[in-house]
Amino acid sequence: MPGFKPLVVAAFVAVLCLSIVFPVRADVREYVRDLKLAPADVRFRHSGHQGGRGSDEFYGRELATGDFNNDGLQDLAVTADTDTAQEDTSFGRGFVYVYFGRNTAFPAEVDPAEDLADCRLYGEGFFAHFGTEIEAGDFDGDGVDDLAISQIENTTVYRGAVFIISGTSIAANHELHMDRGEYMTRIAGRTVGTRDNGKYLFFGFALAAGDFNGDGIDDLASSSLGGYGFDGTRPESGDVEVFLGRAGGLWPREMTATVAGSDLFVLGRRNNIHFGSEVGAGDVNGDGRDELIVASYGSNGPDNLRSFSGDVSVYDFGPGSPVTLPASASAQPAGLLWDTATRGQSALVWGPLHGARIGSSASDGGGTGIDVGDFDGDGVNDILIGSPFYGDPAPNAKNNGALFVVWGSSGLTSGTTIDLAEPTALATLLAVGGPGESLGDTVRLSDLNDDGRFEALAGAPDASDEKGYITVYGGRSRPSQPSGDPLAANPDALVRGIDPIWRFGDDVIVLEPTFSGERMIAVGTPNGGFVPLGGRGYAGEVDAISAAPIVDTLPKSPSIVAASSIVLAPNAVGSVQIEAKPGSGVITSLNSPNLPSFAALQPVDVATGLYVLVLNPTVGDRGKHDVAIVATDSSGASSTRHILVTVGYTPVVSAIRVKAVTGSTIKITIEGTGFINREAVVTIDGLSVGSVKYPSKYVDAGGVTIRRLTVKTTSSASGRQLRVTNPSEGLTSAPVVVP
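Residues numbered from 1 in each chain as written. Predicted model: local features only at pLDDT ≥ 70, side-chain atom pairs only at ≥ 80, totals over all residues. Heavy atoms only, no water.

**Remarks on the overall build of the protein chain**
Step number 1: If you tally the helices and strands in the protein chain, you get five helices and 50 strands.
Step number 2: Computed over the C-alpha atoms, the radius of gyration of the protein chain is 26 Å, within 12% of the 27 Å expected from 2.2 N^0.38 for a compact globule of 739 residues.
Step number 3: In the protein chain, which comprises 739 residues, the share counted as buried stands at 61%.
Step number 4: Considering only contacts within the protein chain whose residues lie at least 6 apart along the sequence, 66% involve residues at least 24 apart.
Step number 5: Counting only carbon and sulfur atoms, one obtains 49% of the accessible surface of the protein chain, whose full area is about 25300 Å².
Step number 6: Computing the positive centroid from 53 side-chain charges and the negative centroid from 89, the protein chain places the two 8 Å apart. (Helix = DSSP H or I, 4+ residues; strand = E, 2+ residues; numbered from the N terminus. Rg over C-alpha atoms; globule rule 2.2 N^0.38 Å. Buried < 20%, exposed > 50% of the residue type's maximum accessible area, 1.4 Å probe, protein only. Contact = heavy atoms within 4.5 Å. Areas by Shrake-Rupley, 256 points an atom, 1.4 Å probe, with all protein chains shown as cover. Lys, Arg positive; Asp, Glu negative; His and termini not counted. Charge placed at Lys NZ, Arg CZ, Asp CG, Glu CD.)

**Here's the deal with the pairing of strand β23 (residues 347-350)**
Step number 1: Burial of β23 is two-sided: the residues A347 and V349 facing one way and the residues L348 and W350 facing the other way are all buried.
Step number 2: Note that strand β21 (residues 311-315) and β23 share four bridges and pair antiparallel. Each bridged residue has a counterpart across the sheet, and for D311 the counterpart in β23 is W350.
Step number 3: For β23 and strand β27 (residues 416-419), the ladder comprises four bridges, and the chain directions are parallel. Bridge pairing in β27 places V349 opposite I418. (Pairing = 2+ DSSP bridges.)

**Focus: the nonpolar core**
Step number 1: In this structure, I293, V312, I383 and V406 are the most contacted members of the largest nonpolar core, which totals 22 residues.
Step number 2: The set of elements that each furnish at least two residues to this core consists of β20 (291-296), β21, β23, β24 (370-373), β25 (382-387), β26 (402-406) and β28 (427-432).
Step number 3: Broken down by element, the residue count for this core peaks at three residues, all from β26.
Step number 4: Discounting residues that sit within four places of it in the chain, I293 has contacts with E278, V279, G280, A281, V284, V312, S313, V314, I370, V372 and I383. (Core = buried A, V, L, I, M, F, W, Y, C linked by side-chain atoms within 4.5 Å.)

**What to know about the pattern of salt bridges**
Step number 1: Counted by the stated rule, this structure contains 31 salt bridges.
Step number 2: The partner of R45 in a salt bridge is E541, with the nearest N and O atoms 2.9 Å apart. Of the two residues, R45 is situated in strand β3 (residues 42-47) and E541 in strand β35 (residues 541-546); the sequence distance between them amounts to 496 residues. Assigned by exposure class, R45 and E541 land together as buried.
Step number 3: Members of the salt-bridge network, linked through shared partners, are D441, D462, E466, R503 and D506. (Salt bridge = Lys/Arg side-chain N within 4 Å of Asp/Glu carboxyl O.)

**Let's talk about the side chain of S639**
Step number 1: Counting through the fold element by element, S639 comes out in strand β43 (residues 638-647).
Step number 2: A polar side-chain atom of S639 sits 3.0 Å from a polar atom in the side chain of R453.
Step number 3: Only 2.3 Å separates the side chain of S639 from the backbone oxygen of P558, close enough to count as a polar contact.
Step number 4: Once residues within four sequence positions are removed from consideration, S639 is found in contact with R453, S557, P558, S559, I560, I629, V630 and A631. (Polar contact = N/O pair within 3.5 Å; in protein donor to acceptor, adjacent residues only side chain to side chain.)

**Some remarks on the packing of aromatic side chains**
Step number 1: Under the defined criterion, the tally for this structure stands at 19 aromatic pairs.
Step number 2: Aromatic ring contacts, followed pair by pair, group F212, F275, Y315, F317 and W338 into a single cluster.
Step number 3: If you follow R102 out to its NZ or CZ, it ends over the ring of F106, 4.0 Å from the centre.
Step number 4: We note R246 situated over the ring of W251; from NZ or CZ to the ring centre the distance is 5.4 Å. (Phe/Tyr/Trp six-rings, centres within 6.5 Å; stacked < 30°, edge-to-face > 60°. Lys NZ or Arg CZ within 6 Å of the ring centre and 35° of its normal.)

**Some points on the sheet that holds β27**
Step number 1: On the basis of which strands lie adjacent, the open sheet formed by five strands has the order β19-β20-β21-β23-β27 and mixed pairing. In this open sheet, the two strands that pair with only one neighbour each are β19 (275-282) and β27. Strand-to-strand twist in this sheet, taken as the mean axis angle between neighbours without regard to direction, amounts to 15 degrees. (Axes fitted to C-alpha atoms, helices over the stretch in contact; angles between N-to-C directions.)

**Concerning the sheet that holds strand β30 (residues 455-460)**
Step number 1: With mixed pairing, five strands are arranged side by side in an open sheet as β2-β32-β31-β30-β29. On the outer flanks of this sheet lie β2 (31-34) and β29 (442-446), each paired with one strand and no other. Averaged over all adjacent pairs, the angle separating strand axes in this sheet is 10 degrees, with direction ignored.
Step number 2: Where β29 and β30 come together, five bridges link them in antiparallel fashion. Following the sheet pairing, T442 is matched in β30 by G459.

**Quick notes on the pairing of strand β6 (residues 95-99)**
Step number 1: Burial of β6 is extensive: five of the five residues sit out of reach of the surface.
Step number 2: With burial as the criterion, each face of β6 is covered, one bearing F95, Y97 and Y99 and the other bearing V96 and V98.
Step number 3: With four bridges connecting them, β6 and strand β8 (residues 119-122) associate as antiparallel partners. Note on β8: the bridge partner recorded for F95 is Y122.

**Quick notes on a positive patch on the surface**
Step number 1: A cluster of basic residues, K659, K667, K693 and K712, forms a positive patch at the surface.
Step number 2: By the secondary structure assignment, K659 is in strand β44 (residues 652-660).
Step number 3: In this structure K659 comes out as exposed when scored by relative accessible area, which is 58%. (Patch = residues over 30% accessible without salt bridge, like charges linked within 9 Å, V, L, I, M, F, W, Y side chains within 5 Å.)

**Overview of the side chain of D283**
Step number 1: Its place among the elements puts D283 in the loop between β19 and β20.
Step number 2: R289 provides the closest opposite charge to the buried, unpaired D283, separated from it by 8.4 Å.
Step number 3: A polar side-chain atom of D283 sits 3.4 Å from the main-chain amide nitrogen of N285.
Step number 4: The contacts of D283, once residues within four sequence positions are left out, are G288, R289, D290, E291 and N381.

**With respect to the environment of D316**
Step number 1: Take D316: it is sitting in the loop between β21 and β22 (336-339).
Step number 2: The exposure class of D316 is buried, given its relative accessible area of 10%.
Step number 3: A sequence separation of 126 residues divides D316 from T442, and the C-alpha atoms of the two residues are 24 Å apart.
Step number 4: If near-sequence neighbours (up to four positions away) are discounted, D316 is found in contact with N285, D287, E291, S321, W338, S346 and T413.

**Describing the environment of S597**
Step number 1: Of note, S597 is situated in the loop between β39 (587-591) and β40 (599-605).
Step number 2: Along the chain, S597 and G452 lie 145 residues apart, while their C-alpha atoms are 28 Å from each other.

**Some remarks on the confidence of the model for the protein chain**
Step number 1: Averaged over every residue, the pLDDT of the protein chain is 89; the share at 70 or more is 92%.
Step number 2: Low pLDDT (under 50) marks residues 1-29, which in the prediction has 183 contacts with non-local residues, meaning those over four places away or in another chain. (pLDDT = per-residue confidence, 0-100.)

**Quick word on unusual backbone geometry**
Step number 1: One non-glycine residue, N197, adopts positive backbone phi at about 60 degrees.
Step number 2: Its place among the elements puts N197 in the loop between β13 (185-188) and β14 (203-210).
Step number 3: With relative accessibility at 57%, the residue N197 sits in the exposed group.
Step number 4: Even without being a glycine, H274 presents a positive backbone phi close to 55 degrees.

**A few points about the environment of I164**
Step number 1: Looking at the element boundaries, I164 is found in strand β11 (residues 161-165).
Step number 2: By relative accessible area, which is 0% here, I164 ends up buried.
Step number 3: With near-sequence residues (within four places) excluded, I164 lies in contact with F139, L147, A148, Y183, M184, T185, I187, L220 and W251.

Pasting the structure below:
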């Protein structure tokens, strides 16, 4: 969520079919539509009611999808964070409306759309602004998606709160009321470490869901944009709190976003950078575990001379991370701290110029400035970053806006620093908007044409006097050489809104066929509404557009289907099956430019594109090997997929013995297999562990691995989770509870 959203608008997005092409911008060649002319491609327009106690509702500012009733169909959630019900006395309470997928078409026009909602979620009370931000995920591990919803709370001067509402409750109730306690968990913004007893903390300003500890349950990240550090000594630094997913009813009923009250508290590195202006999550290094991604719109560049250029930080929680998350959450929060000022970050992207504010919105709008997906189809997710202020550096100027892609790779989170001010192979300028358009106010990544490459969707709600538009850029290969020129001179599709001030493109999301029978692009238009039906300002609407005609214009490249990673012990034989699928032509070649000496690429059935990567490593091949596989078809198009081959020993803990030595010193003996002699590291959740001892009598043949380790600690480790890691391989044992 890029900027403070006191209001939220929701609207269902329409689907576009082939009809007359309207030349909205001369530089767009492929698919252009102007919704003002009611093209046949529009599938539905759903308007906010604006029939409560005020004219502003902003229906459609935030959109989220998930399966909340567990029927296998995609559902849609729409926010209206200043909505006030007809019978309500709590002005600006805010609502979230959930629409269950039906796998068949919705009505073309619905006014008010709230009447169609399957579940209506009421905010907590007067000026709560419930629905400021919304995120879907399975936070309780029951296999059903839940909703996390924030409210900024005018009545507490923007301290903020976040509610987690279970999908089972949404499915079972037509209404849920936060002021009646009809939620799973309420997380309150803190009062310590703030400007004035919680004022202007903005907890819940941005939300993201991801599996950061790798336990298969979604975790929740929520930012406190106005935080002063955990103790009040770092004004406006901002911070992000992580709450691990909890299965089996372990979520506390009430929580507070302090260090002790969260599982992880990530602190912005310096004053006034507003760390947490956006948050995202996704696996961008291919290790199978999601990384946390955080924007700071107030950052001033590497030399502190690039005012408000902004930056984006990435935090990796895999082996070698300065913070070890619990393998599974308990009812009591872990209370871990990651201070970026002292521990740094796993990757850092500096904004390109004064005022760019990368990753953050140009307005009080909805949507997200960061998204994660595989734009180049290489098997590792990339980061799409919006920069709506890119262009004129004057204060508060509405600029061209731009999109950047940070290319995911196994090495991205190894302390990488990227400066977007200079051409680099690690990131690419994807597109630049027109004058005053603020392209990148919201961004999404989705594979519209199912070719393995995600398309980039972006909103520009400020364009044409806030009439707004959305663009689609087809997935593309990573450039072979760094360049300062945009990778895409023109979008592959452009859809323009209906009227000025409506802010079409405030949010955008892809609706799958299970929602209403075909793939659509839904666009939030929070300032719109069916004006002829009453002239209601800022009622808001959601417009849905058919994706089919857009897909027809997208370039289709060959794709490669294969596992993204494999782990092998030395002297073991393994293989990865590879399937090359053609794009616009037939596959003409499949090869690897960096094939390791222990690997061979062998054809199985060339006619169907089947190959196998055969692997037979030795002890000398220990480490990580990023193997690139390149497929080329007869059209000349090519795609690359990266397979991370890790050769090494995976530690296995089979037994743990604890013995008191002297005073408070405790000796822990760990037995198992695959511990690397003189290298293996032992960690115990929440404890400081002494140096590891490697008893020489337990070394295996060849001297590489060892069967027994010992460590000492000065605190009881009973009931805590212990792990053994081989850092050179980056492989970690499954957690074992210390007896």
